[in-house]
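An overview of the molecular structure
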Amino acid sequence: MIFSRHNRDRGTAFSLTAQSSPSLVLAPTVRPSQRDHSSLQQERSRDSRSALDEAFVVQHVPVHKEDRSRSTEAKLITNAMQRTQRWLYDRQLADGHWRGSLEGDTILESEYVIILAWAGKLAAPEVKGAAQRILQEQLPSGGWAIYPGGPVDCSASVKAYLALKLTGHAQDSEPLNRARLAIARAGGPWSVNSFTRFYLALLGQMPYSACPAVPPEMVLLPSWFPINLHRVSAWSRTMIVPLSLIWAFKPVRKVLKAEGIGELFVTPEWLQAPQITAENGIWTKFFRVVDRVVKMSDAIGFQPLRSRAVAECRRWMLQRFEGSDGLGAIFPPIVWSIVALRAMGCDDESAEVQECWRQLAGLVEVESDGSVRVEPCRSPVWDTAITLRSLCDAGRAVKSSGTDRCLATEVASVTDLDQTVDWLLDREVRTSGDWARRTDAIPSGWCFEYANRFYPDVDDTAMVLIALSTWQQSVAGLAAQGTSAGLGRVARVHAAISRATPWLEALQNSDGGWGAFDRDNNCEILCKVPFADHNAMIDPSSPDLAGRVLEAFGKIGLRLGHASVDRACDYLRLNQEADGSWFGRWGINFIYGTWQAIEGLRSVGVPANDPAIVAAVEWLVSRQQSDGGWGESPASYSDPAMSGRGTPTASQTAWAVAAFIAADRHDSRPAQRGVHWLVERQCVDGAWEENEFTGTGFPKVFYLRYHYYPIYFPLMALARFLTAEALAAAGRSRKEQVA
């Protein structure tokens, strides 16, 4: 494979071409931004499973030409890596960490405007910018989607409509005329989800009786009871408690008729609204009866435990404010906390309420065009850990390839990564949190955000262990052993890994996998309660998390034969899809899950020819697109036919390439075509363009665009590819010397 430099518009750095036969032929492609995304989404791979053997056969030119081509290839990949390294180091913060933007859909800006309206703060300067962003994201059909390229979502559209009305947009304005029709076609305001109903109730646009009952008394249920607060997921817990206080006090701030959405409740006679089919299983029916009983009890004033429950909810909330970026350190419970505290009688100037407003303000970002984007939370630990490991991988690749070794040191000194390691070590959570209710272990973990001491999570903890272990084995880690300060840092890293490893083992579920925050948080009947329509009421095992933890275990030296490793491998084998892929809970979707499962299994010693690995690689080959990239839409969570299909993206292509490398297929045609795709589409500043959402909050409900995903994941993939090529070349050289 030969790289040739040439100029392209919009900052493409270089492209890849190939020598004529018998070497691998790679046709040049155009960048995603220059193509019709709707047509890209319909592309399918030209590779079939029957052609898998052919896909893995890469013909090379004679030895002397091959050596020259590999040298050229290595230098150009190294140059691409250097650009990305510079991009990252230019954005490293003073204390050594990184934090990329974290973007959701417009429900965040809409809910932000609604809460400001409820609090009488619509004069805030950010309101106009939030409305501007909402208008920018309106679909041509009139509604709003929850991810780019997605269909109209009724809940998101109703909230966007209300936010625009609140900010002075007239009912007969062109955007609202289109929106009204789209909302009616999507089912109208009565088809919105539970959380949207509460937002509407706050401003008197829907009665609280139309919301599901969330009685505060549930906080009093004992842990031995089959249904209790700690049987729901951590994120649901932080939303339910303040929401239950809102249910108890039912605060309402009336808005002017011109600012309301009464017109949405009038469906045009000519429009046939879609029929919403409700689930009618036995547990669903049971919880509907419970919902009616709670509402009847409230109506007649039968609330013998209400005062005690309200006091306990308040205590529970305020306790979890401590050491956290707000309750749960995420947007929804921060907002609900403001309403709950005010409803209980707290003054807006009280310390508790002001703390909530401060945390909410910290999630607001003003863009260069004046629009305002609200983030669901911050992601510094996650971004820093992945950046650290990708930079260490890049350093190892440069050293292994024998290219100009000064490139790594040109970008930054070792001390830059020393700061990063210190920053991560300082954020280890060593106090008990909610997880301790079901797990007996010495506290040691990391959270996703800057501070969230009650909720360290498995995914971030595993990623930090991978990053720290990668640093230990890197040029920077080895150099640290030459100074007393460095030796102290190495000792701290070793101690942190020694503490966090048993914590991860303790949180392993009974089925061998891991959830994100708690052990065995898998009571499926809770998914049937009326307010469970955010599709994440529980936190069961998922293959991507099992793969991540296995990768961490492999990094620190655990292998097959270790009890926790064996159980996790059995879990992955049992949960592999029939087509060879694995589900991805926290990234979209099967590409993410398949990459992480392969990575984890291989890290602990599962051989590359294992049937599970082979089947997974076959699936990835079948999903490679005609231009060499990979992409998957969030639609795959709803439509099995969309599994592994969608607009090609840099992050998802990097995941697939990394999977091939982990499976010892770096020299295969699909892997090299994936590298081609990445290198050709790199911008001159070292970044990649990616507007698609490739992160998952709640499947089918909320998705994320991590702005650093198309930066550090491609760097990681290219670095590993270069290292694999160098190691293979060294092996060939040794064989030739023996011969």
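Residues numbered from 1 in each chain as written. Predicted model: local features only at pLDDT ≥ 70, side-chain atom pairs only at ≥ 80, totals over all residues. Heavy atoms only, no water.

Topic: the sheet that holds strand β6 (residues 695-698)
Pairing within the open sheet is antiparallel, and its three strands lie in the order β3-β7-β6. The sheet terminates laterally at β3 (102-103) and β6, the two strands that pair on one side only. Looking at chain direction, β3 and strand β7 (residues 702-706) are connected through two bridges and run antiparallel. Residue L102 lies in a different strand from β7, and its bridge partner there is Y706. (Pairing = 2+ DSSP bridges. Helix = DSSP H or I, 4+ residues; strand = E, 2+ residues; numbered from the N terminus.)

Overview of empty space enclosed by the protein
Per the counting criterion, the structure on display carries two cavities of 30 Å³ or more. Quantified by volume, the second largest cavity comes out at close to 40 Å³. Lining the second largest cavity, in full, are F321, S324, G326, L327, E355, C356 and Q359. Of the residues contributing to the lining of the second largest cavity, the split by class is three nonpolar, three polar and one charged. (1 Å grid on protein atoms, 1.4 Å probe; cavity = no way out; pocket = protein on both sides within 12 Å on 5 of 7 lines; lining within 4 Å. Points joined across faces, edges and corners; volume = space filled by probe spheres on them. Nonpolar A, V, L, I, M, F, W, Y, C, P; charged D, E, K, R; others polar.)

Side note on unusual backbone geometry
The phi angle at D520 is positive, at roughly 50°, despite the residue not being glycine. Inspection of the secondary structure puts D520 in the loop between α19 (484-506) and α20 (543-555). For D664, which is not a glycine, the phi torsion comes out positive at approximately 60°. Secondary-structure assignment places D664 in the loop between α24 (650-662) and α25 (669-680).

Observations concerning the nonpolar core
Counting residues in hydrophobic clusters, the biggest one holds 216 residues, and the most contacted among them are M81, W471 and I598. Here the element with the most residues in this core is helix α26 (residues 709-738); it accounts for 12 residues. Beyond its immediate stretch of four places on either side in the chain, W471 contacts L388, C392, L417, D418, V421, A476, G477, A480, R489, V490 and V493. (Core = buried A, V, L, I, M, F, W, Y, C linked by side-chain atoms within 4.5 Å. Buried < 20%, exposed > 50% of the residue type's maximum accessible area, 1.4 Å probe, protein only. Contact = heavy atoms within 4.5 Å.)

A short note on the pairing of β7
Most of β7 is tucked away, with five of its five residues classed as buried. Judged by which residues are buried, β7 turns out to be covered on both faces: F702, L704 and Y706 on one side and Y703 and R705 on the other are all buried. Sheet topology places β6 next to β7; three bridges connect them, and they run antiparallel. Bridge pairing links G695 to L704 in β7. Between β6 and β7, which pair antiparallel and follow one another directly, the connecting turn spans three residues, one of which, K700, has a positive phi of 75°.

Section: the confidence of the model for the chain
When pLDDT is averaged across the chain, the result is 88; 86% of the residues are at 70 or more. Note on residues 405-411: pLDDT under 50 across the span, and 11 contacts to partners over four residues away in sequence or across chains. (pLDDT = per-residue confidence, 0-100.)

Concerning the packing of helix α22 (residues 590-603) against helix α23 (residues 611-623)
Interhelical geometry of α22 versus α23 gives an angle of 150° and a closest axis separation of 10 Å. In this view, α22 runs roughly antiparallel relative to α23, as classed from their interaxial angle. Two packed elements cross with a definite hand, and for α22 against α23 that hand is left-handed. When α22 is examined against α23, the residues F590, I591, T594, I598, L601 and R602 are found in contact with a partner set consisting of I613, A616, V617, W619 and L620. Taken together, the residues of the contact of α22 with α23 sort by class into nine nonpolar, one polar and one charged. (Axes fitted to C-alpha atoms, helices over the stretch in contact; angles between N-to-C directions. Parallel < 35°, antiparallel > 145°, perpendicular 65-115°, else oblique. Left-handed = near helix turned anticlockwise from the far one by under 90°.)

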